[in-house]
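# Fold and contact review
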Amino acid sequence: MATFGVVAELKDGTARKITVEMLAEARRLADASGGDVAVVALGPLAAGEAERLASHGADRILHVEGDSLAGYSTEAYAAGVQAAVERSKPDTLFFGATSQGKDLAPRVSGRLRVGLASDCTAFELKDGELTARRPIFAGKAFGRVAWNPARPRLATIRPNTFTPLEPNTGRKAAVESIPMPAVKVRARVVGFEKSEGEMLDLTEANIIVSGGRAMQGPENFEILRKLCAVLGATLGASRAAVDAGWIDHSHQVGQTGKVVNPTVYFAIGISGAIQHLAGMSSSRTIVAINKDKDAPIFKIASYGIVGDLYQVVPLLTEEFRKALKE
Amino acid sequence: MNILVFVKQVPDTETRIQLQNGAVDTSSVKWVANPYDEFAIEEALRIKEKLGQGKVTVVSLGPDRVKEAIKYALSLGADEGVHVKGDGLALADPLAVATVLAAAAKKAGFDLILTGKQGVDHDWSQAGIILAELLDLPHVSVVVHLEVDAASKQGKAKREVEGGDELVEFSLPAVITAQKGLNEPRYASLKGIMAVKKKVIPEWTLADLGVDPASVSESAASIRFVEFSLPPPRQAGKILEGDPKDTVPELVRILHREAKVL
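Attention in this report is confined to the structure presented alongside it. Computed from a prediction, not measured in an experiment: that's the story for all the values here.

Further remarks concern the overall build of chain A. Across its full length, chain A holds 9 helices and 18 strands. Taken over the C-alpha trace, chain A has a radius of gyration of 22 Å; the compact-globule value for 326 residues is 20 Å, and the two agree within 12%. Here the C-alpha coordinates of chain A stretch approximately 60 × 45 × 40 Å along the principal axes. Each of the 326 residues in chain A was classed as buried or not, and the buried ones make up 59%. Expressed as a percentage of contacts within chain A between residues at least 6 apart in sequence, the contacts between residues at least 24 apart total 66%.

As structure tokens, this is what we get:
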């Protein structure tokens, strides 16, 4: 029986949203092929978490426990995943295309000498052959990839791609405890510096408000921050604004920044260079605000206002404040 | 300190991607050094300058055109460049690429390896990390700040993660993958450009590296592209013109009441 494995991403013992998103897709593939779904959980699990993972589609939980898994380190986690793979021999193993998954999965690929498809957005199972679709050139094109016969097939899955299953509390999962092997950790996380504000990360955000060259300077981003506060949005920026030094690069959307897929993307004072469009054109709804009615951004915008952002955005903030209060 | 920097040559980010005969059409592509690798080159140069000693060697894998990326790195101040010829190699397979890079690293010798966090072509974000695993080295990926101490062979890095930066301590030798924000890359100086002309760029083949070509060939690839496609074109939507006092309430009405996305 083919096993679809999901490496859980845990925070304080609780699975993050990407984990249940991956479980939904693993469940679909397992049901289509008569397989089962195993979660690889590394380190402590919160009380009731195994049950919650089961309710979201897991048949088995491979729980690797050991002191070295208390916090994330690539080397310990790779060893933990390897131990789980040796025990349960999954055919396929999913990781989140998150900071952690993108750091861990290649290490596992090198260790097991098996292929890894990164940042997948769709899977297709045809006559037992699995292929994955993934954006390339930051979304300017897509590639469909296939693995060689080595197993497991590894993939990282982009967040916000699959919808979690409705929890079914009738579903139970057996928990297998797997001992953690001894491991030499030569790179360890010793601290965390939180970035400014309380905003969600761009890659996880449902709403993004981005500013471009027309912001003219760092002080004017305050106008966008106010709109973000009203909408609960995350602040983004174009490369022009980042390279000008107006805002930190962690806000950059585009080919040398973040590739995002929110429900709504506001492009404010952004003309729409190809490398920017690559990073945001898979957003469900795109709203453009630009003085220049011929700006390329309007060619891909779902909605737009031709106008001066310094007039439009404060009005927009006020109108949304009223509308969302109702 | 010997610092190795792996540089990939990729299409410029302003390139419009088109398909021809089912593959990405590269006939009119302007090739450049991968933007994330530029941060790696710059960081290597800064470490050497700060230490006041050492050597920066730039290695690029691929067809003859990648020599341009090597020359670019040399013009910035890298001491040596090596072209690893990729004939018959599955260049789209990160595992195959990392296998060859690992062999090249062993041949060149190193105390620290730097490369970009991803190539902006296939966006795998894998080769640097797999390389670390194959060489049995620690790695830190997506690095925005780096300090290395040559004497104690220890390093500190900040890596960008969701909502902030992780602080990581590691031992040397190690592999570091660079994220934008690590530094501000310099421009080539005229002196640097002139100096390139005198430099000889050795070519290493798979045989020179002791890599069995069959093990890294297309037919052995751990992963391969079977199809390419372009995203469906987006339809232009509703663009409002006129007095913001009219257009703004209308836009909010559409988004809130009609499309119900906010």
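Still to come is the rest of the account.
An order of β13(A)-β11(B)-β10(B)-β9(B)-β12(B)-β8(B)-β1(B)-β6(B)-β7(B)-β13(B) is seen for the 10 strands of this open sheet, with the pairing classed as mixed. The sheet is open, and its two edges are formed by β13 (187-194) of chain A together with β13 (203-204) of chain B, each paired on a single side. Inspection of the sheet shows strand β1 (residues 2-6) of chain B paired to strand β8 (residues 112-116) of chain B by 4 bridges, in the parallel sense. By the bridge assignment for β8 of chain B, F6 of chain B is matched with T115 of chain B.

All right, on to the interface of chain A and chain B then. Listed as interface residues are 77 residues of chain A and, on the opposing side, 70 residues of chain B. By residue class, the composition of the side of chain A that touches chain B is 32 nonpolar, 27 polar and 18 charged.

Next up on the list: the sheet that holds strand β15 (residues 234-237) of chain A. Pairing in this open sheet of 6 strands is parallel, and the strands run β15(A)-β14(A)-β16(A)-β17(A)-β18(A)-β15(B) from one edge to the other. Whereas interior strands pair on both sides, the edge strands pair on one side only; in this sheet they are β15 of chain A together with β15 (238-241) of chain B. Between one strand axis and the next, the sheet turns by 15° as a mean value, whatever way the strands run. Along the sheet face, helix α9 (residues 309-325) of chain A touches β16 (264-268), β17 (285-290) and β18 (303-306) of chain A and points at about 135° away from the line of β17 of chain A. The strands touched by helix α7 (residues 244-258) of chain B are β18 of chain A together with β15 of chain B; relative to β18 of chain A, the strand with the most contacts, the crossing angle is about 175°.

A word on α9 of chain A. Taking 1.5 Å of rise per residue, the 17 residues of α9 of chain A would be expected to cover 24 Å, and the 23 Å separating its terminal C-alpha atoms lies within 8% of that figure. Among all positions of α9 of chain A, only L309, V312, V313, L316 and T317 of chain A are buried. Axial view of α9 of chain A: buried residues confined to an arc of 135°, hence all on one face. Away from its buried face, by an angle of more than 90 degrees, α9 of chain A presents the exposed residues K322 and K325 of chain A. For α9 of chain A, the secondary structure elements touched by its buried residues are α5 (221-231), β16, β17 and β18 of chain A together with α7 of chain B.

Rules behind the numbers
Residues numbered from 1 in each chain as written. Chains lettered and ligands numbered in written order. Predicted model: local features only at pLDDT ≥ 70, side-chain atom pairs only at ≥ 80, totals over all residues. Helix = DSSP H or I, 4+ residues; strand = E, 2+ residues; numbered from the N terminus. Rg over C-alpha atoms; globule rule 2.2 N^0.38 Å. Buried ≥ 20, exposed ≤ 12 C-beta atoms within 10 Å, placed from the backbone. Contact = placed C-beta atoms within 7 Å. Pairing = 2+ DSSP bridges. Nonpolar A, V, L, I, M, F, W, Y, C, P; charged D, E, K, R; others polar. Axes fitted to C-alpha atoms, helices over the stretch in contact; angles between N-to-C directions. Expected span 1.5 Å × (residues − 1). Arc of directions from axis to C-beta.

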